Amino acid sequence: MNDSIALCLSGGGYRAMLFHLGAIWRLNELGWLGKLDRISSVSGGSITAGVLGLHWAKLGVTANAPAPGFATVVDDVRRMASMTIDVGSVLKGVFGPGTVSARVCNAYDRTLFHGATLQNLPDHPRFVIDSTNVQSGALFRFSKPYARDWRVGEILNPRIPLAVAVTASSAFPPVLSPIELNPQLYGCRFNPAPPYPDKILLTDGGVYDNLGIETAWKECGTILVSDAGGRVAPEPAPHRDWTRHGYRVIAIIDDQVRSLRTRALIDSFQRGERAGAYFGIRTDVRNYELSDALPCPFGQTTALANIPTRLKALAPEQQEKLINWGYAACDAAMRAHVDRMLPAPQRFPHARGV
């Protein structure tokens, strides 16, 4: 571990994609984008991270100053948020030629990445797009220097399309999962450790680590975590048939694992083992105890947090409110826990508030 700084972006579909966009918007205004050494993402967070990484060289990012070209990132993410790609991809994948994951990948590439590969990401900061290897049960990471699973092996300097990496990271099970990665299709040399095959079967990065902190934990002394993940709602009369009861139990297990990771992260901050901040979509902004935090009524932010985890088009009003909430939550956490000398914001990015 060293004094480097990581930003970790959770899963959560378009809800997370937009919440994280707001958080990054505020980090940019505060001059913190240029301080980042690593950006680690899973699932919906990887859509935003992929767009940010692709445009990084053109943004004009410097330490301690806002990047003037950030509006390009905002425009691309909002364009994606105006398209529904999950339902149509599932139906066409089931009843037509091709696979569900291929159709999602095509939508990402057509709308956002335009044939770019992992080699189009910057050398610094290191962007790490995380997926889960169904075969090994380990995290599979995509980055510019390599794509790897510590149990299976690595691909050096991978020319894997950025859209493929983001699709693998956001392949929500069961409908968008799994995605089969064949490195040879992209001219990559890959010699997997026995008994693993040449083709890699991947699912959503949030299955392994929904906060995206795994690839940053051992490397970085300061960790900023933007969390727009979902939660299991109480169900007073749960179903008892095997299928729906089993799904409910798995969802509870997943929810508890996420909660434990969050608690461990916050405990590490409190014990002084790590510096940084956690800003979650379900946080009550009053908990930061700032007299000048942007107004974010808890009932209204809770409603935003309960938007389903989908790749489904959101109305412009919902998009702007999610961006505003991510912006405000990041601002409050940064000023309360990272640097109390940071200036307070004058207004939300969008006039609608939250």
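This text gives an overview of the structure that appears in the document. Counting restarts for each chain: residues are numbered from 1 in the order of the written sequence. Restriction of local features to residues with pLDDT of at least 70 applies here, the model being predicted, together with a cutoff of 80 or more for giving and counting side-chain atom pairs; totals for whole chains, interfaces and linings are based on all residues. The basis for the side-chain values is all heavy atoms of the structure; hydrogens and waters are excluded.

Observations concerning the environment of Gly 44
Point 1. Tracing the chain through its elements places Gly 44 in helix α2 (residues 44-59).
Point 2. Any residue under 20% of the maximum accessible area for its type is buried, any over 50% is exposed, and the rest in between are partly exposed; the area is computed with a 1.4 Å probe on protein chains only. Assessed through its relative accessible area of 0%, Gly 44 is described here as buried.
Point 3. Taking the C-alpha atoms as reference points, Gly 44 and His 20, 24 residues apart in sequence, are found 9.1 Å from one another.
Point 4. The contact rule is simple, with two residues in contact once any of their heavy atoms fall within 4.5 Å. Not counting residues up to four positions away in its chain, the partners in contact with Gly 44 are Ser 10, Gly 11, Gly 12, Gly 13, Met 17 and Ser 170. Helical segments are the DSSP runs of H or I of at least four residues, strand segments are the runs of E of at least two, and each set is numbered from the N terminus.

Side note on the pattern of salt bridges
Point 1. A carboxyl oxygen of Asp or Glu within 4 Å of a side-chain nitrogen of Lys or Arg is what we treat as a salt bridge. Following the criterion strictly, the structure yields 17 salt bridges and no others.
Point 2. The salt bridge partner of Arg 148 is Glu 154, with a shortest N-O separation of 3.4 Å.
Point 3. The network of salt bridges with shared partners includes Arg 26, Glu 29, Asp 292, Asp 331 and Arg 335.

A closer look at the nonpolar core
Point 1. Side-chain atoms within 4.5 Å are what join buried Ala, Val, Leu, Ile, Met, Phe, Trp, Tyr and Cys residues into a set we call a nonpolar core. Counting residues in each nonpolar core, the largest one holds 92 residues, and the members touching the most others are Tyr 108, Phe 142, Phe 279 and Trp 325.
Point 2. The element best represented in this core is helix α11 (residues 316-337), accounting for 11 residues.
Point 3. Every residue in contact with Phe 279, bar those within four places of it in the chain, is listed here: Leu 7, Phe 19, Ala 23, Leu 224, Val 225, Ser 226, Asp 227, Tyr 288, Ala 329, Cys 330 and Ala 333.
Point 4. One finds Cys 8, Leu 211, Ala 216 and Val 225 within the second-largest nonpolar core, a separate group that totals 11 residues.

Some details on unusual backbone geometry
Point 1. With omega at 0°, the peptide bond leading from His 124 into Pro 125 counts as cis.
Point 2. With respect to the helices, strands and loops of the structure, Pro 125 is situated in the loop between α5 (100-113) and β3 (126-133).
Point 3. The omega torsion across Pro 194 and Pro 195 is 5°, close enough to zero to call that bond cis.
Point 4. Position of Pro 195 among the secondary structure elements: in the loop between β7 (179-181) and β8 (200-203).
Point 5. Phi at Ser 43 takes a positive value of approximately 55°, unusual for a residue other than glycine.
Point 6. As for its position among the elements, Ser 43 is in the loop between β2 (38-42) and α2.
Point 7. Phi at Asn 157 takes a positive value of approximately 45°, unusual for a residue other than glycine.
Point 8. Within the element layout of this structure, Asn 157 appears in the loop between β6 (153-156) and α6 (162-169).
Point 9. Overall, Asn 157 belongs to the exposed group, its relative accessible area being 52%.

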